[in-house]
Amino acid sequence: MANALRVLAMDAVQAAKSGHPGMPMGMADVATVLFDSHLKFDPADPGWPDRDRFVLSAGHGSMLLYGLLHLTGYDDMTLDQIKKFRQLGSRTAGHPEYGHAAGIETTTGPLGQGLANAVGMAMAERSMAARFGPKLVDHRTYVIVGDGCLMEGISQEAITLAGRQKLSELVVLWDDNGISIDGELSLSDATDQLARFAACGWEVRAIDGHDVAAIDAVLAWAGTNQRPTLIACKTSIGLGAPTKQGTAKAHGAPLGADEIAGARAAYGWKHGPFEIPEAIRADWRGTAARGAAARAEWQTRLGKLSGTRQAEFARVVAGEAPKKLAGAIRALKRQVAAEQPKVATRKASEMALAAINPVMPETIGGSADLTGSNNTLTAGLGTFDVGSRDGRYVYYGIREHAMAAAMNGMALHGGVAPYGGTFLCFTDYARGAIRLSALMGLRVVYVMTHDSIGLGQDGPTHQPVEHLAMLRATPGLNLFRPADAVETAEAWEIALTSRAPSVLALTRQDLPTVRTRHTNLNLTARGAYVLAEADHKRRAILLATGSEVSIALEAKALLEARGLGARVVSMPCFELFAAQDEAYRRKVLPGVAVRVGVEAAVRQGWDRWLMGERGSEKKAAFVGMESFGASAPAGELYKHFGITAEAVAEKALALM
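Basis of the calculations
Position numbers for residues start from 1 in each chain and track the written sequence from start to end. Selection of residues for local features in this predicted model requires a pLDDT of at least 70, selection of side-chain atom pairs for listing and counting requires 80 or more, and totals for whole chains, interfaces and linings are taken over all residues. Hydrogens and water are ignored here; the side-chain numbers use all heavy atoms of the structure. Here a strand pair is declared whenever DSSP counts at least two bridges between the two strands. Strands are runs of DSSP state E lasting at least 2 residues, helices are runs of H or I lasting at least 4, and numbering of each runs from the N terminus. All axes are obtained by fitting lines to C-alpha atoms, using only the stretch in contact for helices, and the reported angles, taken between N-to-C directions, cover 0 to 180 degrees. Take the buried residues of types Ala, Val, Leu, Ile, Met, Phe, Trp, Tyr and Cys, join any two whose side-chain atoms come within 4.5 Å, and each joined set is a nonpolar core. Burial classification: accessible surface area is computed with a 1.4 Å probe over protein chains only, and a residue below 20% of its type maximum counts as buried, one above 50% as exposed, and the rest as partly exposed. Residues are treated as being in contact if the distance between any of their heavy atoms lies within 4.5 Å. Using a 1 Å grid laid over the protein atoms alone, points where a 1.4 Å probe fits but cannot get out form a cavity; open sets with protein on both sides within 12 Å along at least 5 of 7 lines form a pocket; any residue with an atom within 4 Å of a point counts as lining. Grid points are joined across faces, edges and corners, and a volume is the space filled by probe spheres set on the points. Note on residue categories: nonpolar means Ala, Val, Leu, Ile, Met, Phe, Trp, Tyr, Cys or Pro, charged means Asp, Glu, Lys or Arg, and polar means any other residue, Gly included. When the strands point away from the viewer, a crossover counts as right-handed if the path from the first strand over the helix to the second runs clockwise.

Right, let's talk about the sheet that holds strand β8 (residues 363–367) for a bit. Read from one edge to the other, the open sheet built from six strands follows the order β9-β8-β10-β11-β13-β12, with strand pairing classed as parallel. Two strands in the sheet have a free side with no partner beyond their single neighbour: β9 (393–395) and β12 (478–480). Averaged over all adjacent pairs, the angle separating strand axes in this sheet is 20°, with direction ignored. Direction of pairing for β8 relative to β9: parallel, over a ladder of three bridges. From the neighbouring strand, Ser-367 faces β9, where its bridge partner is Tyr-395.

Take a look at the structure:
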């Protein structure tokens, strides 16, 4: 059975003239024992909520996963797909991609991300088990990692978080082959990984990764542990390749015809490329029998629940927001429009969460050691911890990268709706996971506060100026920069009902309420809208986001005082505005009038709205940042960098 995995990997990589055969050849024994005797899965129902999760963090070895899915009988992983490995339009991409085929639990390839995803999956499992009970939710998360995964810095954040949380349902299988692309691992690393994991609160054990009995025994042992488990599997990369086994030459390139022939001889494999004997196929298909029986029993238990309980379970697994969410948001918007508070949008976010969390019990919040600054904790959530898995707030510690990747894992697991906070500047630390959120289309909400020079005296190390542009440049990601508490509530509603990740860029400084007239319509969902129409004949359109919307309104007043009409357009989300039809965009941004954009960030990304969309370079200007910030009170910084109502009005006048 293991040799079937090996030959499929060799043949597919050879046919593609590209790929990584060595890791699948080395870890085939471990994977075979796992799927044959321990993993709970059912190819007939790949999305069964109580299946065990299997993550290939070492995503370069993707043919191991594809071979497993094909041989165990996943319908969409056909032999034809195996033959199309790494080809345009195939399900078998160079690295596993979530959504391409059933059984691919997450997109991996950037090393270490899958490990941190697995931590989030294990956390989501415990959270759901606490809510729905062990008869409905009781499964494990297995993840194969390589040396590269463990060298990446995210791994330290992930394993310390998992150790602190005592995630006993998490089992890491380390492909300890001692080889990296450059050669012997000793060229670059001398870490005692077992000691490292043990120091972080894990159970650890080392085995021969080619000893079937030892693999079986250690996986059984892992199932009894009360802490997360690391199993170091000593393997030979490219096992069976006559001259390349145990060397870097087996890692990331086709083995070549002679080497493949030699490996086949070593295995006693007398069949041609992509040929798997029917007896071996039957053995592999038989591995799903345990899972099929377990799923049938689970379905019986599910059927004994009340209709209401079943419906609620189905709702959260499907990722559908509760019907009460819209009403909670509308009520908050009505209250804000009436009271018109002057609050920071980070505080407005807390107000929104205080309305959301009671009606959406699947939310799991958290912060990277900035709870009081991010305003991510609301009353009654409780702490998610070893003795309180029903808690809904995670203290992630100073682990932005692992927090973001774990939230991806939670979203992938399903049944929970994760959000987490840090400073917007530290999206740099979380960037790798945010990109994967977007690539996979996951409902993950990043609460990023202290969004500009408006944070003040912490200075340029903490003041983001280029980050909005970076995030807007990421396909599939919605960046919201709300102007007040109404837009913040609307942004939260969109974020929790979208099949896409969202970043909420929120202020430290207080802002006035600019949406003073209540409407049930979610105007933020349009991406941009006319906040204030010109009183005189329209000569200028002032476009702004977040904290600068109130500045644009002040600039409008200055222009109107001179008899020059100015429209103010609030643009909380460029991405959603770009998705609107031409007729709506034309209505918001007609031609003729001059345009001035204002945002306390760099200009990159603004020119479409200033010079495109019926605008022109000769009639466009931008007021914002052209450098890093400085350390001073926020009000002084806005004046120092020229982000004022007077500057906006002067820019508009100069263009008329």
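From this point, the discussion proceeds with the structure in view.
The next thing to look at is the nonpolar core. If you look at the biggest cluster of nonpolar residues, it comprises 69 residues, and the most contacted ones within it are Met-123, Leu-170 and Trp-202. Among the elements that take part in this core, helix α5 (residues 113–132) stands out by supplying 11 residues, more than any other. Those residues in contact with Met-123 that lie beyond four places of it in its chain are Leu-161, Leu-167, Phe-384, Val-394, Tyr-396 and Met-410. Counting residues in hydrophobic clusters, the runner-up holds 64 residues, among them Leu-8, Leu-56, Val-171 and Ala-250.

Let us look at the sheet that holds strand β6 (residues 203–208). Reading across from one edge, β1-β2-β3-β7-β6 is the order of the five strands in this open sheet, with parallel pairing throughout. For this open sheet the edge positions go to β1 (53–56) and β6, each flanked by a neighbour on one side alone. Along the sheet, successive strands turn relative to each other by an average axial angle of 20°, direction set aside. Of the pairings in the sheet, the one linking strand β2 (residues 141–145) to strand β3 (residues 170–176) comprises five bridges and is parallel in character. Following the sheet pairing, Val-143 is matched in β3 by Val-172. This element, α5, spans β1, β2 and β3 of the sheet and lies at about 170° to β2. Helix α9 (residues 212–222) contacts β2, β3, β6 and β7 (229–234) of the sheet and is inclined by roughly 170° relative to β6.

Bringing empty space enclosed by the protein into the picture now. Per the counting criterion, the structure on display carries two cavities of 30 Å³ or more. Of the pockets and cavities examined, the largest cavity occupies roughly 90 Å³. Phe-35, Leu-39, Phe-41, Pro-46, Arg-51, Asp-52, Phe-54, Leu-65, Leu-69, Tyr-74, Gly-103 and Glu-105 together form the lining of the largest cavity. For the second largest cavity, the calculated volume is near 40 Å³. Phe-54, Val-55, Leu-56, Leu-65, Pro-96, Gly-103, Ile-104, Glu-105, Thr-106 and Thr-108 together form the lining of the second largest cavity. Broken down by element, the lining of the second largest cavity gets its largest block of residues, three residues, from β1. The class makeup of the residues in the lining of the second largest cavity is six nonpolar, three polar and one charged.

Summarising burial for β7: five of the six residues are buried, a large majority. Note: β6 against β7, six bridges, orientation parallel. Bridging across to β7, Val-204 finds its partner in Leu-230. Crossover connection from β6 via α9 to parallel β7: handedness right-handed.

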